[in-house]
Amino acid sequence: MSATSHARRGRRTVARHGELRSPSPVSFLLKIVGIVASVLLVSGAGVAAYAATDVVASFAEGAVELEGQGTVPPDIGAIEGGVDLLLVGTDECEEEYAYLFGDRCTGADAEGQLNDVNMLVHISDNPRRVTVVSFPRDLMVPIPSCTREDGSTTSATSKTQINAAWGYGGLSCVAKTVKELSGFNIPFAAKVSFGNVINITDAIGGVDVCIGNGGIKDIYTGINWPAGERTIQGVEALQFLRTRHGLENGSDLARISNQQQYMSSLARKLVSDEVLSNPATLYKLATTAVDNITPSQSLTNPMTLVQIALAVKDVPFEDIVFVQYPVLTDPADSNRVVPDYDSAEQLWAALQANEPIEVTHDQDQTGGVIVADPQPTEGATDPATPDPNATTDPNATPAPTDTPVALPQNIPGQNAAQQTCSAGNVRAKG
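Quantities reported herein were computed from a predicted structural model and do not represent experimental measurements.

## Looking at the state of the cysteines
Okay, step 1: Summed over all chains, the structure comprises two disulfides.
Okay, step 2: A sulfur-sulfur separation of 2.1 Å characterises the disulfide bridge that pairs Cys146 with Cys173. Because the torsion about its S-S bond is 70°, the bridge between Cys146 and Cys173 counts as right-handed. In this pair, Cys146 sits in the loop between strand S4 (140-143) and strand S5 (157-161) while Cys173 sits in helix H6 (residues 165-182), placing the two residues 27 residues apart along the sequence. Assigned by exposure class, Cys146 and Cys173 land together as buried.
Okay, step 3: Between the sulfur atoms of Cys210 and its disulfide partner Cys421 the distance amounts to 1.9 Å. Taking the torsion about the sulfur-sulfur bond, which here is approximately 75°, the covalent link between Cys210 and Cys421 counts as right-handed. Here the residue Cys210 occupies a position in strand S7 (residues 207-218), and Cys421 occupies one in strand S17 (residues 420-423), the gap between them amounting to 211 residues. Comparing Cys210 with Cys421 shows no difference in burial state: the two are buried.

## A closer look at the pairing of strand S2 (residues 115-123)
Okay, step 1: Taken across its nine residues, S2 has nine buried, putting it largely inside the fold.
Okay, step 2: In terms of strand pairing, S2 meets strand S3 (residues 130-135) through six bridges, oriented antiparallel. Across the sheet, the residue bridging to His122 is Thr131, located in S3.

## Side note on the confidence of the model for the chain
Okay, step 1: Looking at the chain, pLDDT values average 74 and 67% of them are 70 or higher.
Okay, step 2: For the stretch residues 373-388, pLDDT sits under 50, and the model shows one contact to residues farther than four places along the chain or on other chains.
Okay, step 3: This model gives residues 396-400 a pLDDT under 50, and the stretch forms zero contacts once residues within four places in sequence are excluded.

## Focus: the sheet that holds strand S14 (residues 369-371)
Okay, step 1: The mixed open sheet is built from four strands, whose spatial order is S8-S7-S17-S14. Pairing within the sheet leaves two strands with one partner each, and these edge strands are strand S8 (223-232) and S14. Taking each pair of neighbouring strands and ignoring which way they run, the sheet shows an average axis angle of 30°.
Okay, step 2: On top of the sheet, helix H8 (residues 235-242) reaches S7, S8 and S17; it is set at about 115° to S8, its chief contact.

## A closer look at the side chain of Thr243
Okay, step 1: The residue Thr243 is located in the loop between H8 and helix H9 (252-270) in this model.
Okay, step 2: Classification of Thr243 by relative accessible area gives buried; the value is 0%.
Okay, step 3: A polar side-chain atom of Thr243 sits 3.2 Å from the main-chain amide nitrogen of Gly246.
Okay, step 4: With sequence-adjacent residues up to four places away left out, Thr243 is seen in contact with Ile216, Asp218, Thr221, Ile223, Arg255 and Asn258.

## A look at the pairing of S17
Okay, step 1: In terms of strand pairing, S7 meets S17 through two bridges, oriented parallel. Among the inter-strand pairings, Ile211 is bridged to a residue of S17, identified as Ser422.
Okay, step 2: For S14 and S17, the ladder comprises three bridges, and the chain directions are antiparallel. Residue pairing for S17: Ile370 is matched across the bridge by Cys421.

## Topic: helix H13 (residues 341-352)
Okay, step 1: The end-to-end C-alpha distance of H13, which contains twelve residues, comes to 16 Å, matching closely the 16 Å that a straight helix rising 1.5 Å per residue would cover.
Okay, step 2: Every buried residue of H13 is accounted for by Ser343, Ala344, Leu347, Trp348, Ala350 and Leu351. Mapping the buried residues of H13 onto a view down its axis gives an arc of 160°, with all of them on the same face. Along H13, exposed side chains directed more than 90 degrees from the buried face belong to Asp342 and Gln352.
Okay, step 3: The inward-facing, buried residues of H13 abut S2, S3, H6, strand S10 (320-324), strand S13 (357-358) and strand S15 (405-406).

Cut-offs applied
- Residues numbered from 1 in each chain as written.
- Predicted model: local features only at pLDDT ≥ 70, side-chain atom pairs only at ≥ 80, totals over all residues.
- Heavy atoms only, no water.
- Disulfide = S-S within 2.5 Å.
- Helix = DSSP H or I, 4+ residues; strand = E, 2+ residues; numbered from the N terminus.
- Buried < 20%, exposed > 50% of the residue type's maximum accessible area, 1.4 Å probe, protein only.
- Pairing = 2+ DSSP bridges.
- pLDDT = per-residue confidence, 0-100.
- Contact = heavy atoms within 4.5 Å.
- Axes fitted to C-alpha atoms, helices over the stretch in contact; angles between N-to-C directions.
- Polar contact = N/O pair within 3.5 Å; in protein donor to acceptor, adjacent residues only side chain to side chain.
- Expected span 1.5 Å × (residues − 1).
- Arc of directions from axis to C-beta.

Written out as structure tokens, the structure reads:
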């Protein structure tokens, strides 16, 4: 069975976007945690430098060569220039977690793999900013000719669901597809399966999320949670990242917004004292993160990982932005979407020019999250109120004064400093 036919048979989605049992969490994005943790091992936590090498040594086994992509030579210090790294999550059925996914891992759909989650991580040159662009799995795009592992080549297609790219040539083909869609060279890529999100969240003691709209009830992922703050880890984290029927409008696009809430909370957790001040936690996180990853060959050098981590470790939360690639309903199939090239061009142009970006899409309209109104932490100072005792360092780098580029309203997203809550479905049903 071809990858295309498999995608069509098993993926009726997009206005509702996504089969009920789609796994596709952002577990592979969490693997970049391993990169950050590695540099912390050698710089911030006082652990011997060889630890980072030990942590990533297993990367080299099974590494993938990216077809037609440039590479960046490793050097001492933060990597120079911008960095583009593709993170791909496939829906393979790992034996340990197959029971969680019903027919997807036991029925007719159990064959083959699809790249159901695809994220381009763009790290800008100075000033450093991080933008993570999520591509909906039901996005219909051209797929270029790709080289398979056996050396054979596939024919290019003019319009195929993006999550079929893996079947045309694995990680390298997904990278070529995203490269043509974005215009960005992608020298780094990594693939992981969905089950590892359980190990990652366990390694850091869980991630705090907020449930709104009266709660989440989703029989397909086994969630029945009340509204309020909740620390999730293990299987709960996987359930949370998979849910779409527990969200207000039940769409796969809403699920992306909900996953962005998780990623923002994860970023805040990783730089908390609870993680940074605990070398044992950092080492456990790093070793867990690199388990079961298939990297590109360009990511197998530990120094390269440290370079990338050094480039991102001081980026403020406000400059870590998660956005969804802009789409329009496919006129040929209401259950699919097609690129909104005009809106996308505004996003790519801002990233190429290293301009700060501002999400203008109303969070409350995503159907996946609602805007949270977090209470200030006890003892915290209102950032709008100057500290009368503060002194100015004459050698300090002045704060950037760039005016953010307002993204088109059909590009949902949030930055890591923003706190949102899941747009649960309980209130809508009740």
